[in-house]
Amino acid sequence: MKRRDQRRWARLYIRGLLSIEGRKTMRGIASLESESAVEQSLQQFISQSPWGWISVRRALAGYLEQAIHPIAFVVEPLVIPKSGEHSVGVERRFVKKLGRLANCQQVLGVWLASEQAAFPIDWRLILSESWTDDPGRRQRAGIPDDEVSLTVEECAAEVVSTIVKAWEMRPRPVVMDARELDVGRLIFELSSRGIPFVFRVHDSIPVSPSDPRIPMGMGRRIEAGQLVDALRDVSRIVESRGPLAGTATPSRSGVVVAARVHTPFRSATAQDDLPNLTLLGACTGPEQRSVAVWLSNITKLPPPALLRIAHTAEQVSWDRARVTHRLGLRDFEGRSFRGWHHHITLVSAAHAFWMLLAGGRDQRLFPLTPVPAVSGGRTTRTA
C-alpha cells in the first residue's frame, strides 16, 4: 500500500482480526484505538478506499511461495450464510450442510498448500445472473463492469489460470472436492487450459479401464469404487504423515491403487471425449474397506505422491475451520463488492501472520500471545 494512512488502517484491521474474540465487527476493531472517528475512517478504508486487493494478494502469495514450499493449489467452494438479502452476491439457495434454504454468498477460495499447512491467497464471489444482469444491483454494490456470472467450474479454472499467468506463480496441481460439482465440466475447463488436477469424486462414478494390463479388460464400464476394490491385489501399502486423504480417522497407513481410465464425460463445447485420466483409490479403515477415489490428469507421479497432493484438501479444511473462520472469514458486515474483497484480503494476511509468526499451529488460537514487531528501528510489542 502506497499511502501511510492505508498502511495504518490495514495494521489496525489485521490487529483486530487477530485479537478480538468472537465476531469481528467494525466497531469492535475500532475500539482498539482511543481516537475519535476511528470507526468512520476504518469503514471508509474497507468499503471505499481504492487500494488494490489483487496486488496485496499477489504479494502475499509470492511471500508464501518462498516460505512454505507448497505442493498444490487447493480450490474450495464455500457457502457463507447471511441474515439479510442485501450483501453483495447473496442468494436464497439450499445449503446441504444446513439441510435447509438459506440466504448465503457462494465463494471460491484458492489456497496455497504444503503437507503441513495451508494459506488462502485468492478469493472470488460467484455472482448469479440476478446480480450481474441487474444494473441497479450492480451500481449499489459497486460490481465492476467486467465481473460476469460464472459457474463454480468455470470460476475455478479462471482463477487458477490467472494466478499462474498474471501472478507468474509456478504451476501446481489443482486439488478440489468435485463430489458436488459437474465433474465432466471441471475436467474440461482445467484440461483445456493445461492445468494439472487431482479431483475427489464419488466412488460410484463410471469409468472404463484403458490399461491392457488390468485383468478385467479394457473398455468395460464399471464404478470407480468397484475398480479400486478389484485392484487391491496389485496395490501397495503407503504410510501417511497424518490421516490418509479422504478419511476422518487417524489411520497412518492404507492401500493405494492407481489405474489409467477413460471417463464417459464429453466437453460441453465439443463432441470429443475427455482425455484418459489416472484413477487413484485409497482403501482405509477395518480391512481396508473404506474407499476414497480421485481422478487426475497427472500420469508421471507414483500413487503415493499423488496421494500426498490429494491430502492437501484435508489440510485446507483443517486450517480453515481452526484458524480462518475464527479470524473473520464470514464476518464482513458491509454490502459492497470492494469492501468484501478488502475484508477477505486482510483476513488472508491475518491467517498468514498467525500461522507463520504467532506459532498458530501449536498454540490455542485466542487470546493471541504478543509477538515482537520492529517499527521505526525499535522493537515494539503487538498482538
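Residues numbered from 1 in each chain as written. Predicted model: local features only at pLDDT ≥ 70, side-chain atom pairs only at ≥ 80, totals over all residues. Heavy atoms only, no water.

> So, a nonpolar patch on the surface: which residues are in play, and what are the values?
Residues Tyr63, Leu356 and Leu357 make up a contiguous nonpolar surface patch of roughly 300 Å² in combined accessible area. Following the sequence through the fold, tyrosine 63 ends up in helix H4 (residues 53–68). (Patch = residues over 30% accessible without salt bridge, like charges linked within 9 Å, V, L, I, M, F, W, Y side chains within 5 Å. Areas by Shrake-Rupley, 256 points an atom, 1.4 Å probe, with all protein chains shown as cover. Salt bridge = Lys/Arg side-chain N within 4 Å of Asp/Glu carboxyl O. Helix = DSSP H or I, 4+ residues; strand = E, 2+ residues; numbered from the N terminus.)

> Pulling in residues and values, what's your account of empty space enclosed by the protein?
Any space left empty among the atoms is revealed by the rolling of a water-sized probe across them. All chains considered together, the criterion is met by one cavity of 30 Å³ or more. Its volume calculated, the largest cavity comes out at about 60 Å³. Contributing to the lining of the largest cavity are Tyr13, Lys24, Thr25, Met26, Gln43, Asp331, Phe332, Glu333, Gly334 and His343. Here the lining of the largest cavity is built from residues that sort into three nonpolar, four polar and three charged. (1 Å grid on protein atoms, 1.4 Å probe; cavity = no way out; pocket = protein on both sides within 12 Å on 5 of 7 lines; lining within 4 Å. Points joined across faces, edges and corners; volume = space filled by probe spheres on them. Nonpolar A, V, L, I, M, F, W, Y, C, P; charged D, E, K, R; others polar.)

> Can you lay out the packing of helix H1 (residues 4–19) against helix H3 (residues 38–47) for me, pointing to particular residues and giving the numbers?
In contact at an axis separation of 10 Å, H1 and H3 are set at 100° when each is read in the N-to-C sense. Taken together, the axis directions place H1 and H3 in an arrangement best described as roughly perpendicular. Here H1 contributes Gln6, Trp9, Ala10, Leu12 and Tyr13 to the contact with H3, which in turn contributes Val38, Ser41, Leu42, Phe45 and Ile46. Residues of the contact of H1 with H3, tallied by class, amount to eight nonpolar, two polar and no charged. (Axes fitted to C-alpha atoms, helices over the stretch in contact; angles between N-to-C directions. Parallel < 35°, antiparallel > 145°, perpendicular 65-115°, else oblique. Contact = heavy atoms within 4.5 Å.)

> So what's going on with the side chain of lysine 82? Which residues, and what values?
With respect to the element layout, lysine 82 can be found in the loop between strand E1 (72–81) and strand E2 (91–95). Salt bridges are absent for the buried lysine 82, whose nearest opposite-charge side chain, aspartate 331, sits at 7.0 Å. Polar side-chain contacts of lysine 82 include one of 2.8 Å to the backbone oxygen of phenylalanine 332. In this structure, lysine 82 is in contact with Ser87, Val90, Asn103, Cys104, Gln105, Arg330 and Phe332, ignoring residues within four places of it in sequence. (Buried < 20%, exposed > 50% of the residue type's maximum accessible area, 1.4 Å probe, protein only. Lys, Arg positive; Asp, Glu negative; His and termini not counted. Polar contact = N/O pair within 3.5 Å; in protein donor to acceptor, adjacent residues only side chain to side chain.)

> Mind laying out the pattern of salt bridges, listing which residues take part and the relevant values?
Applying the stated criterion across every chain, the model contains 16 salt bridges. Its salt-bridge partner being glutamate 76, residue arginine 320 comes within 2.8 Å of it at the nearest N-O pair. With a gap of 244 residues between them, arginine 320 in helix H10 (residues 303–324) and glutamate 76 in strand E1 connect regions that are remote in the sequence.

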